[in-house]
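For reference, the chains in residue letters:
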Amino acid sequence: MRDYDFGLRRLHSLLGIIPIGLFLTQHLIVNHFATNGVESFNRASAFMGNLPFVLWLEWIVIYIPLMFHAFFGLYIAFTGKPNVNRYGTYRNWMFLLQRITGVILVVFIAWHIWQTRIQKALGTEVDFDMMADVFSSPFMIAFYVLGVVSATFHFANGFWSFLVTWGVTQSARSQRISTYVMTVLFLALSVIGIRAIFAFV
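These figures come from a predicted structure and were not determined experimentally. (Residues numbered from 1 in each chain as written. Predicted model: local features only at pLDDT ≥ 70, side-chain atom pairs only at ≥ 80, totals over all residues. Heavy atoms only, no water.)

**Considering the packing of aromatic side chains**
Let me state the cut-off plainly: Under the pairing criterion, centres of Phe, Tyr and Trp rings, with the six-membered ring standing for Trp, must be within 6.5 Å; the plane angle then separates stacked pairs below 30 degrees from edge-to-face pairs above 60, leaving the rest tilted. Numbering of helices and strands starts at the N terminus; helices are DSSP runs of H or I of at least 4 residues and strands are runs of E of at least 2. Between buried and exposed lies partly exposed: a residue is buried under 20% and exposed over 50% of the maximum accessible area for its type, with that area taken using a 1.4 Å probe on protein chains only.
A complete count under the given rule lists 16 aromatic pairs for this structure. Between F41 and F200, the aromatic rings sit 5.0 Å apart at their centres with planes inclined by 90°, giving edge-to-face as the arrangement. One end of the pair, F41, is in helix α3 (residues 38–49); the other, F200, is in the segment after α8 (172–199), with 159 residues separating them in the sequence. With relative accessibility at 4%, the residue F41 sits in the buried group. Between the aromatic rings of W59 and Y63, the centroid separation amounts to 5.2 Å while the plane-to-plane angle is 65°, which identifies the pairing as edge-to-face. Here W59 pairs with Y63, and both are found in helix α4 (residues 54–79), just four residues apart, close to one helical turn. Here a set of aromatic residues connected by ring pairs shows up, and it is made of F41, F108, F128, F135, F139, F143, Y144 and F200.

**Some remarks on the environment of L74**
What counts is decided by this rule: Note on definitions: a residue-residue contact is assigned when non-hydrogen atoms from the two residues lie within 4.5 Å.
Position of L74 relative to the elements: it lies in helix α4. Accessibility expressed as a relative area gives 23% for L74, which makes it partly exposed. Linking L74 and V103, residues 29 residues apart in sequence, is a C-alpha distance of 6.7 Å. Aside from chain neighbours lying at most four places away, what touches L74 is V103 and V106.

**A word on the pattern of salt bridges**
Just so we agree on the cut-off: What counts as a salt bridge is simple: a side-chain nitrogen of Lys or Arg found within 4 Å of a carboxyl oxygen of Asp or Glu.
For the coordinates displayed, the defined rule picks out two salt bridges. For D5, the salt bridge identified is with R9, shortest N-O distance 2.8 Å. Of this pair, D5 and R9 both sit in helix α1 (residues 2–17), separated by four residues, roughly a single helical turn. Residue R117 is joined to E58 by a salt bridge in which the shortest nitrogen-to-oxygen separation is 2.5 Å. Pair noted here: R117 is in helix α5 (residues 90–121) and E58 is in helix α4, with a separation of 59 residues, a long-range link. By relative accessible area, R117 is classed as partly exposed at 27%.

**Side note on the nonpolar core**
Inside soluble globular proteins, nonpolar side chains tend to come together where they are buried. Just so we agree on the cut-off: Residues enter a nonpolar core if they are buried and are Ala, Val, Leu, Ile, Met, Phe, Trp, Tyr or Cys, with the set joined through side-chain atoms within 4.5 Å.
Counting residues in each nonpolar core, the largest one holds 26 residues, and the members touching the most others are F41, F135, Y144, I197 and F200. Those elements that place two or more of their residues in this core are α2 (20–32), α5, α6 (128–134), α7 (138–165) and α8. Here this core takes eleven residues from α7, the largest share from any one element. The contact partners of F41, leaving out residues within four places of it in the chain, are V30, N31, F33, A34, D127, F128, M131 and F200.

**Some details on the side chain of H112**
Here is the rule we go by: In protein, a polar contact requires one atom able to donate a hydrogen and another able to accept it; more generally it is a pair of N or O atoms within 3.5 Å, and residues adjacent in sequence count only if both atoms are side-chain atoms.
In this structure, H112 sits in helix α5. Among the polar contacts made by the side chain of H112, one reaches the side chain of H27 at a distance of 3.4 Å. At a separation of 3.0 Å, a polar atom in the side chain of H112 contacts the side chain of Y144. The residues contacting H112, other than those within four sequence positions of it, are H27, R117 and Y144.

**Here's the deal with a nonpolar patch on the surface**
The condition is simple: Patches draw on residues past 30% relative accessible area with no salt bridge. Two like charges within 9 Å are joined, as are two nonpolar side chains (Val, Leu, Ile, Met, Phe, Trp, Tyr) within 5 Å. Only the protein chains shown count as cover for residues, and the accessible areas themselves come from Shrake-Rupley with a 1.4 Å probe.
Residues F53, L55, W56, L57, W59, I60, V61, I64, M67 and F71 make up a contiguous nonpolar surface patch of roughly 1,100 Å² in combined accessible area. One can find F71 in helix α4.

**A closer look at unusual backbone geometry**
That bond from I18 to P19 is cis: its omega, 15°, falls within 30 degrees of zero. Looking at the element boundaries, P19 is found in the loop between α1 and α2. One non-glycine residue with positive phi stands out, namely F53, at about 55°. For F53, the location among the structural elements is in the loop between α3 and α4.

Now the structure itself:
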């Protein structure tokens, strides 16, 4: 049973980087085309939406891995025992924030899929004007900023854990360097995502 749980955790870690982390990065970059105006975003969005076998790609590359990662992640979040009250170290706080952002993301991603992919399936065009309408509400701007920052932190911090779990960074020095690299990754993706949000406002 312990080997089975270990294998699931390794799979959970891997899927968080490939393909989910790669999709997150690509999704934020496509959204960032909105900073160049309406036509730029609409062209980028239409290109992604009209890829060959797009429905199969979405299910195999995004939805199925995402559902496993989310549901098993909730199990990890609610069975883990953070001890920041006793040991308030940097990594213990990262452990706790990883679980908090994971729970936030389950809610945020479900809502985002409802507002975009499901609405598209119901016949609504997902374009610049639609997203501008979403962000006409200050609440939705704040909600999306929280969602984007949670996603970029969860990815970057999860990437750090992935490198440890898979034996890439074993020494204290390599883990410290990885911390700096992942902090830069978190900040860069956050800026890209937040700029995209305010491009629709």
